[in-house]
Amino acid sequence: MSRTMIGAAVLAFALSVHTQPAAATSPTGSFQRVEAQAMSGDAFVFPDDMRGESLIIIGLAISTSQANGEIQQNLLLDWQTWLDERDILSDALRAYHFPVIENPPRFIRGVIRRAVRRLFDGRVPLSQAAVLYVGDSAAFAARAGIEIDEDPTLVIADAQHRPLVLIKGGPSDENTARFLAALTQLGAD
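Rules and cut-offs
Each chain carries its own residue numbering, running from 1 in the direction its sequence is written. The predicted nature of this model means local features are confined to residues of pLDDT at least 70 and side-chain atom pairs, given and counted, to a pLDDT of 80 or more, with totals for whole chains, interfaces and linings taken over all residues. With hydrogens and water set aside, each side-chain value is computed from the structure's full complement of heavy atoms. Runs of H or I in DSSP of at least four residues are treated as helices and runs of E of at least two as strands, each being numbered from the N terminus. Two residues form a contact once any of their heavy atoms are found within 4.5 Å. The salt bridge definition used is simple: a Lys or Arg side-chain nitrogen within 4 Å of an Asp or Glu carboxyl oxygen. Two strands pair under a simple rule: DSSP has to find at least two bridges between them. Per residue, pLDDT captures the predictor's confidence, and it can take any value from 0 to 100. With a 1.4 Å probe rolled over the protein chains alone, any residue whose accessible area is under 20% of its type maximum counts as buried; one over 50% counts as exposed, and the rest are partly exposed. Take the buried residues of types Ala, Val, Leu, Ile, Met, Phe, Trp, Tyr and Cys, join any two whose side-chain atoms come within 4.5 Å, and each joined set is a nonpolar core. Here a polar contact means two N or O atoms within 3.5 Å. Within protein one must be a hydrogen donor candidate and the other an acceptor candidate, and residues neighboring in sequence count only if both atoms are side-chain atoms. Fitting a line to C-alpha atoms yields each axis, with helices limited to the stretch in contact; the angle taken between N-to-C directions then spans 0 to 180 degrees.

S.K.: Just checking my understanding: could you explain the overall build of the protein for this structure?
M.R.: Each helix and strand counted, the protein has 5 helices and 7 strands in total. Sequence-ordered secondary structure for the protein, helices as α and strands as β, is α-β-β-β-α-β-α-β-α-β-β-α. Long-range contacts, defined here as pairs at least 24 residues apart, represent 73% of the contacts in the protein between residues at least 6 apart.

So this is what it looks like as structure tokens:
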């Protein structure tokens, strides 16, 4: 088995999380604080280290199976491409990416991080992405009012890191219209 195939297998395993659906579906609440390492190598504390003048865009991949983990992450990268193509992002409005993984064994965390870094490299600012290892992904999601399902979650949060709008899925016509309407309603420039 090649190193690429092994890396892909590790990434698929790492992105799979077996969870129970969260009861809350509205963006009420707050994010759980998680110490991590950004893909750039710097220490990163979620959500404290996210920066935005008034709003922040957060891509969360919380998967329910190995295959779904890859699908969710790829849909979030499609969002990144969509945002980049429309020149929506700036220093004032940044997008962050976070695969949320329920406590894998410590000895493979570095392997997971390197595999995710290769996936993000050249597509996402590495200082704006990190793997979040959490003890209970259902509790992590529920605290922020996120339902765990087969779709990734794009969150629009305020500068104080409070979730304001949740968009489930990729950048479909309906989702992009909802995203743009939310930015307008929230007063993003």
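Having seen the model, we can carry on.
S.K.: Is there a simple way to explain the pattern of salt bridges in this structure?
M.R.: Pairs can form between side chains of opposite charge whenever their charged atoms are close. Within this structure, the stated rule accounts for 6 salt bridges. Residues joined in a network through salt bridges with shared partners are Arg 33, Glu 35 and Asp 48.

S.K.: Would you explain the pairing of strand β2 (residues 43-46) in this entry?
M.R.: Sheet faces and side chains relate simply in a regular strand, where the side chains alternate between the two faces. Where strand β1 (residues 34-37) meets β2, 4 bridges bridge the pair, whose relative direction is antiparallel. Looking at the pairing, Gln 37 lines up with Ala 43 of β2.

S.K.: Sorry if this is basic, but what is going on with the confidence of the model for the protein here?
M.R.: When pLDDT is low, close inspection of the predicted coordinates is not appropriate. Per-chain confidence: the protein averages 85 in pLDDT, with 83% of residues scoring 70 or above. When the elements of the protein are averaged for pLDDT, helix α1 (residues 3-14) gives the smallest value, 37, and β2 the largest, 98. Confidence drops under pLDDT 50 across residues 1-26; counting only partners more than four residues distant or on other chains, this segment forms 58 contacts.

S.K.: What should I look at first to understand the environment of Val 131 in this one?
M.R.: By the element assignment, Val 131 lies in the loop between α3 (109-120) and β5 (132-134). Take Val 131: its relative accessible area is 4%, and that puts it in the buried class. Taking C-alpha positions, Val 131 is 10.0 Å from Phe 44, a pair spaced 87 residues apart along the chain. The residues contacting Val 131, other than those within four sequence positions of it, are Ala 36, Gln 37, Met 39, Pro 99, Ile 101, Arg 113 and Val 116.

S.K.: What is the right way to look at the nonpolar core in this model?
M.R.: Nonpolar side chains tend to gather and get buried jointly when the protein is soluble and globular. Phe 46, Ile 58 and Phe 98 are the most contacted members of the largest nonpolar core, which totals 26 residues. Elements with a contribution of two residues or more to this core: β1, β2, β3 (55-61), β4 (93-102), β5, α4 (137-143) and β6 (153-158). Those residues in contact with Phe 98 that lie beyond four places of it in its chain are Phe 44, Phe 46, Met 50, Ile 58, Gly 59, Leu 60, Ala 61, Ala 130 and Leu 132.

S.K.: Explain the environment of Leu 164 to me, please; I cannot follow it from the model alone.
M.R.: In this fold, Leu 164 is placed in strand β7 (residues 163-168). Expressed as a C-alpha distance, the spacing of Leu 164 and Gly 145, which sit 19 residues apart in the sequence, is 10.0 Å.

S.K.: How should I be thinking about unusual backbone geometry in this particular structure?
M.R.: Leaving glycine aside, a negative phi is the common case for residues, and trans is the common case for peptide bonds. For the peptide bond that leads from Phe 46 to Pro 47, omega is 0 degrees, which places it in the cis range. Tracing the backbone shows Pro 47 in the loop between β2 and β3. Residue Asp 87 is not a glycine yet carries a positive backbone phi of 55 degrees. Along the chain, Asp 87 turns up in the loop between α2 (66-85) and β4. Assessed through its relative accessible area of 65%, Asp 87 is described here as exposed. Despite not being glycine, His 161 has its phi angle at roughly 75 degrees, a positive value.

S.K.: Would you take a moment to explain the side chain of Thr 153 for this structure?
M.R.: Here Thr 153 lies in strand β6. One polar contact links Thr 153 to Lys 168, side chain to side chain, over a distance of 2.7 Å. Residue contacts for Thr 153: discarding those within four places in its chain leaves Ile 58, Gly 59, Leu 60, Leu 76, Ile 146, Glu 147, Leu 166, Ile 167 and Lys 168.

S.K.: What is the right way to read the sheet that holds β4 from this model?
M.R.: Remark on secondary structure: sheet strands pair via backbone hydrogen bonds, oriented parallel or antiparallel. A sheet is described by the order of its strands in space; here 5 strands give the open sequence β5-β4-β3-β6-β7, paired in mixed fashion. Two strands lie at the open edges of the sheet, namely β5 and β7, each paired on one side alone. Sheet twist, expressed as the mean angle between neighbouring strand axes with direction ignored, is 25 degrees. Running over the sheet, α3 touches β4 and β5 and is turned about 145 degrees from β4.

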